[in-house]
Amino acid sequence: MHWLVIVALGFVVGILVGIMGIGGGIIVVPALVHFAGMDQHVAQGTSLFIILWPLGLGAVSVYWKKHDVDLRAGIICVVGMLVGGYLGGRVAVGLASGHLESAFGLFLMLAAVLLWYRAQPKSIERDARG
Amino acid sequence: MADLSKNPIAIFGTSLVVGVASGMFGIGGGVLLVPLLVLIHHFEQHRAQGTSLLALVPPTGLFAFLTYYAAREVDIRTGLLLIPGIFFGGIIGGRVAVKLSARRMRRVFASILFLLGTWEFIAPMLRH
């Protein structure tokens, strides 16, 4: 894949990161598998490499100014995710690529359902408040 | 019954589950952390998104990354090329999100994600 295409792909992913408040790996992984023909494990490892860097920093500053950040909960989540990430990584490395990709597909479907439903009551309150 | 919604231990438990998913699927975890903060811990939507982005600023996936790196499952060059776009795109997306109610946009995104998930689920079976 041409390097400019990869940079452009990153840009599109970044916009989604800011809008949805998500990390972007969920888009990067399938894009690398299907556009770049990468193996599922390598795509996931590359995605993890990307999110090692504070990519969400620009987006966080926007939320911070609007007082939309819970510092304490954020710090707790960092610790939990560090430990959990190690455990999950150990499991994934031991799986066959095809199985891992199918499991990733199931995970995306679950994430999609969660995204759909969380759009409901709380955000309406917020919209009403303006 | 005690309200566990903002209990630090309950939040820790949630983030541990998110971390396992993050390591297993090579993702940041925000896609799971945001809805769980809203649904279980009753965070307001924008606050959940801001908090999730904050949790992803430190290298939260460091240990997950190291397991893949040790197994030689990382493409550093492609990774480096993706970084600048994600950073600058993130600033633009963040500005868009705090201005508009992203509800409809999120539903479009959820639909795309679901189709993508179905494809990923089936694709390995079609290759055999």
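It should be emphasised that the depicted structure is a prediction, and the values quoted were computed from it without experimental measurement.

J.: Mind laying out the overall build of chain B, listing which residues take part and the relevant values?
T.: Scanning chain B for helices and strands turns up six helices and zero strands. What you see in chain B, going N to C, is helices and strands ordered as α-α-α-α-α-α. Buried positions account for 52% of the 128 residues belonging to chain B. Within chain B, contacts between residues separated by at least 24 positions form 36% of all contacts whose residues are at least 6 apart in sequence.

J.: Residue-level account of the overall build of chain A, with values.
T.: Across its full length, chain A holds seven helices and zero strands. Counting from the amino terminus, helix and strand elements in chain A follow one another as α-α-α-α-α-α-α. By residue count, 55% of the 130 residues in chain A fall in the buried class. Contacts in chain A between residues at least 24 apart in sequence constitute 45% of all its contacts with a sequence separation of at least 6.

J.: An account of the nonpolar core is requested, with residue identities and associated values reported.
T.: Among the nonpolar cores identified, the biggest contains 75 residues, and Val28, Val29, Leu108 and Ala111 of chain A together with Leu33 and Leu113 of chain B are the most heavily contacted of them. Contact partners of Leu33 of chain B, with chain neighbours within four places excluded, come to Cys77 of chain A together with Ser15, Val18, Ser52 and Ala55 of chain B.

J.: How would you summarise the confidence of the model for chain A if you had to cite specific residues and measurements?
T.: When pLDDT is averaged across chain A, the result is 77; 84% of the residues are at 70 or more. Averaged pLDDT values over the elements of chain A bottom out at 44 in helix α7 (residues 121-129) of chain A and peak at 85 in helix α3 (residues 40-50) of chain A.

J.: Can you break down the environment of Phe25 of chain B residue by residue, with the values?
T.: With respect to the helices and strands, the residue Phe25 of chain B is situated in helix α1 (residues 8-25). Residue class for Phe25 of chain B comes out buried when judged on the 30 C-beta atoms lying within 10 Å of it. In this structure Phe25 of chain B touches Gln44, Phe104 and Phe107 of chain A, once residues within four positions along its chain are discounted.

J.: Kindly report on the interface of chain B and chain A, identifying the contributing residues and their values.
T.: Listed as interface residues are 94 residues of chain B and, on the opposing side, 95 residues of chain A. Counting residues per element, the side of chain B that touches chain A draws most heavily on helix α5 (residues 76-99) of chain B, at 21 residues. The residue inventory of the side of chain B that touches chain A, partitioned by class, reads 58 nonpolar, 27 polar and nine charged.

J.: I'd like a rundown of the packing of helix α4 (residues 57-65) of chain A against helix α3 (residues 45-55) of chain B, residues and numbers included.
T.: Between α4 of chain A and α3 of chain B, the shortest axis-to-axis distance is 9 Å and the interhelical angle comes to 140°. Considered as vectors, α4 of chain A and α3 of chain B are oriented oblique to each other. Taken as a pair, α4 of chain A and α3 of chain B cross one another with a handedness that is left-handed. In contact with Ala59, Val60, Tyr63 and Trp64 of chain A of α4 of chain A, α3 of chain B contributes His46, Gln49, Gly50, Leu53 and Leu54 of chain B. A class-by-class count of the residues in the contact of α4 of chain A with α3 of chain B yields six nonpolar, three polar and no charged.

J.: Could you give an account of helix α4 (residues 62-70) of chain B, naming the residues involved and the relevant values?
T.: Of all the positions in α4 of chain B, only Phe63, Ala64, Phe65, Thr67 and Tyr68 of chain B are classed as buried. The positive-phi residue at the C-terminal boundary of α4 of chain B is Arg72 of chain B, with phi of around 55°.

J.: Please provide a residue-by-residue account of the packing of helix α5 (residues 71-93) of chain A against α1 of chain B, values included.
T.: At a closest axis distance of 5 Å, the pairing of α5 of chain A and α1 of chain B adopts a crossing angle of 35°. The two elements α5 of chain A and α1 of chain B meet at a crossing, and its hand is right-handed. Tallied by class, residues from the contact of α5 of chain A with α1 of chain B come to 20 nonpolar, nine polar and no charged.

J.: Mind laying out the confidence of the model for chain B, listing which residues take part and the relevant values?
T.: Of the residues in chain B, 90% reach a pLDDT of 70 or more, and the chain-wide mean stands at 80. For this predicted complex, the interface score ipTM comes out at 0.75, alongside a pTM of 0.74.

J.: So what's going on with unusual backbone geometry? Residues and values would help.
T.: Located in the positive-phi region is His67 of chain A, a residue other than glycine, with phi close to 60°. Looking at the element boundaries, His67 of chain A is found in the loop between α4 and α5. Even without being a glycine, Arg72 of chain B presents a positive backbone phi close to 55°. Inspection of the secondary structure assignment puts Arg72 of chain B in the loop between α4 and α5.

Each value, and the rule that gives it
- Residues numbered from 1 in each chain as written.
- Chains lettered and ligands numbered in written order.
- Predicted model: local features only at pLDDT ≥ 70, side-chain atom pairs only at ≥ 80, totals over all residues.
- Helix = DSSP H or I, 4+ residues; strand = E, 2+ residues; numbered from the N terminus.
- Buried ≥ 20, exposed ≤ 12 C-beta atoms within 10 Å, placed from the backbone.
- Contact = placed C-beta atoms within 7 Å.
- Core = buried A, V, L, I, M, F, W, Y, C linked by C-beta atoms within 7 Å.
- pLDDT = per-residue confidence, 0-100.
- Nonpolar A, V, L, I, M, F, W, Y, C, P; charged D, E, K, R; others polar.
- Axes fitted to C-alpha atoms, helices over the stretch in contact; angles between N-to-C directions.
- Parallel < 35°, antiparallel > 145°, perpendicular 65-115°, else oblique.
- Left-handed = near helix turned anticlockwise from the far one by under 90°.

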